[in-house]
Amino acid sequence: MMAKTAIYPGSFDPMTSGHVDLIQRAVQIFDRVIVAVLRNTHKDPLFPIEDRIAMIKAVTKNIKKVEVEAFDGLVIEFAKQKQVNVLIRGIRMISDFEYEFQMALTNRRLAPGIETVFLMPSEQYSFLSSTLIKEAAALGADVSSFVPKVVEKKLKERLGR
Ligand code: PNS
């Protein structure tokens, strides 16, 4: 049987424990998971791409099936380039659904051979968002229960705390 690879795309600015949870679920299903980090996100990232990638690599270093790469442009073009036909996205709550549904169907119209598979993180992480974590950390909150240790440290460095 051919090994099955999936791409898990996102901004990962920064990676949260919810992202880690999702990757751990994805490797139970797929033989190889490429975490694809969007280089030029319109969201004006806190962390440069190199830092976002370094954090994900550090956190996933013991998960053999995981690779981490940067990408630019359309995610479907990246998937075609990698010859991968599955995208993974996480759905935390119903509020994620509308945007994710639109994105999945747009991607499928643009690239009919590529399917999006949705996974749900553990409910203990269902409220986590990189945006809120950055805001809380910038205002001095303890975010150690929301992000891996490496990320907590990097947040402190970046925010000068
Ligand atoms: O972590 P995010 O910010 O929710 O991830 C969004 C991401 C990176 C998956 C999405 O914005 C994306 O795929 N961007 C690349 C451009 C693209 O292909 N857009 C989707 C067209 S329907």
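### Some points on the overall build of the protein chain
Here is step 1 of the chain: Across its full length, the protein chain carries 6 helices and 5 strands.
Here is step 2 of the chain: Traced from its N-terminal end to its C-terminal end, the protein chain shows the element sequence β-α-β-α-β-α-β-α-β-α-α.
Here is step 3 of the chain: Its C-alpha radius of gyration of 15 Å places the protein chain within 12% of the 15 Å reference for a compact globule of 161 residues.
Here is step 4 of the chain: Considering only C-alpha atoms, the protein chain reaches an extent of 45 × 35 × 30 Å along its principal axes.
Here is step 5 of the chain: On the protein chain, the mean spot of the 23 positive side-chain charges and the mean spot of the 19 negative ones are 4 Å from each other.

### Observations regarding the pairing of strand β4 (residues 86-90)
Here is step 1 of the chain: Buried residues dominate β4, accounting for 4 of its 5 residues.
Here is step 2 of the chain: On the question of chirality, the crossover connecting β4 to the parallel strand β5 (residues 115-119) by way of helix α4 (residues 94-110) is right-handed.

### What about the environment of K154?
Here is step 1 of the chain: Mapped onto the fold, K154 is located in helix α6 (residues 149-158).
Here is step 2 of the chain: Judged by relative accessible area, which is 26%, K154 ranks as partly exposed.
Here is step 3 of the chain: C-alpha of K154 to C-alpha of Q124: the two residues are 30 residues apart in sequence and 23 Å apart in space.
Here is step 4 of the chain: Contact partners of K154, with chain neighbours within four places excluded, come to F47, D51 and M55.

### Quick look at the side chain of D51
Here is step 1 of the chain: Structurally, the position occupied by D51 is in helix α2 (residues 49-59).
Here is step 2 of the chain: If sequence neighbours within four positions are ignored, D51 has contacts with K154 and R158.

### Side note on the site of the ligand
Here is step 1 of the chain: Among the 13 residues in the neighbourhood of the ligand, the closest are listed as S11, K43, L74, V75 and R89.
Here is step 2 of the chain: For the ligand, an oxygen atom lies 2.5 Å from a polar atom in the side chain of S11.
Here is step 3 of the chain: The backbone of V75 places a nitrogen or oxygen atom 2.9 Å from an oxygen atom of the ligand.
Here is step 4 of the chain: Calculation on the ligand without its partners gives an accessible area of 550 Å², and the protein chains cover 78% of this total.
Here is step 5 of the chain: The residue makeup of the shell around the ligand, split by class, is 6 nonpolar, 5 polar and 2 charged.

### Overview of the packing of aromatic side chains
Here is step 1 of the chain: The full count for this structure, using the stated rule, is 4 aromatic pairs.
Here is step 2 of the chain: Plain terms: the ring middles of Y8 and F12 are 5.2 Å apart, the flat faces sit at 85 degrees to each other, and that makes the pair edge-to-face.
Here is step 3 of the chain: F12 gets classed as buried once you look at its relative accessible area, which sits at 3%.
Here is step 4 of the chain: Here F127 and F146 contribute two aromatic rings whose centre-to-centre distance is 6.0 Å and whose plane-to-plane angle is 80 degrees, an arrangement assigned as edge-to-face. Taken together, the residues span a long stretch of sequence, with F127 in the loop between β5 and α5 (130-138) and F146 in the loop between α5 and α6 at a distance of 19 residues.
Here is step 5 of the chain: For F127, a relative accessible area of 45% translates into the label partly exposed.

### Describing the packing of α2 against α6
Here is step 1 of the chain: In contact at an axis separation of 9 Å, α2 and α6 are set at 155 degrees when each is read in the N-to-C sense. Considering the angle they form, α2 stands roughly antiparallel to α6. Packed against α2, whose contacting residues are D51, M55, A58 and V59, the element α6 presents V150, V151, K154 and R158 at the interface.
Here is step 2 of the chain: The residue inventory of the contact of α2 with α6, partitioned by class, reads 5 nonpolar, no polar and 3 charged.

What counts, and where the lines are drawn
Residues numbered from 1 in each chain as written. Predicted model: local features only at pLDDT ≥ 70, side-chain atom pairs only at ≥ 80, totals over all residues. Heavy atoms only, no water. Helix = DSSP H or I, 4+ residues; strand = E, 2+ residues; numbered from the N terminus. Rg over C-alpha atoms; globule rule 2.2 N^0.38 Å. Lys, Arg positive; Asp, Glu negative; His and termini not counted. Charge placed at Lys NZ, Arg CZ, Asp CG, Glu CD. Buried < 20%, exposed > 50% of the residue type's maximum accessible area, 1.4 Å probe, protein only. Right-handed = clockwise from strand over helix to strand, strands pointing away. Contact = heavy atoms within 4.5 Å. Near = heavy atom within 4 Å. Polar contact = N/O pair within 3.5 Å; in protein donor to acceptor, adjacent residues only side chain to side chain. Areas by Shrake-Rupley, 256 points an atom, 1.4 Å probe, with all protein chains shown as cover. Nonpolar A, V, L, I, M, F, W, Y, C, P; charged D, E, K, R; others polar. Phe/Tyr/Trp six-rings, centres within 6.5 Å; stacked < 30°, edge-to-face > 60°. Axes fitted to C-alpha atoms, helices over the stretch in contact; angles between N-to-C directions. Parallel < 35°, antiparallel > 145°, perpendicular 65-115°, else oblique.

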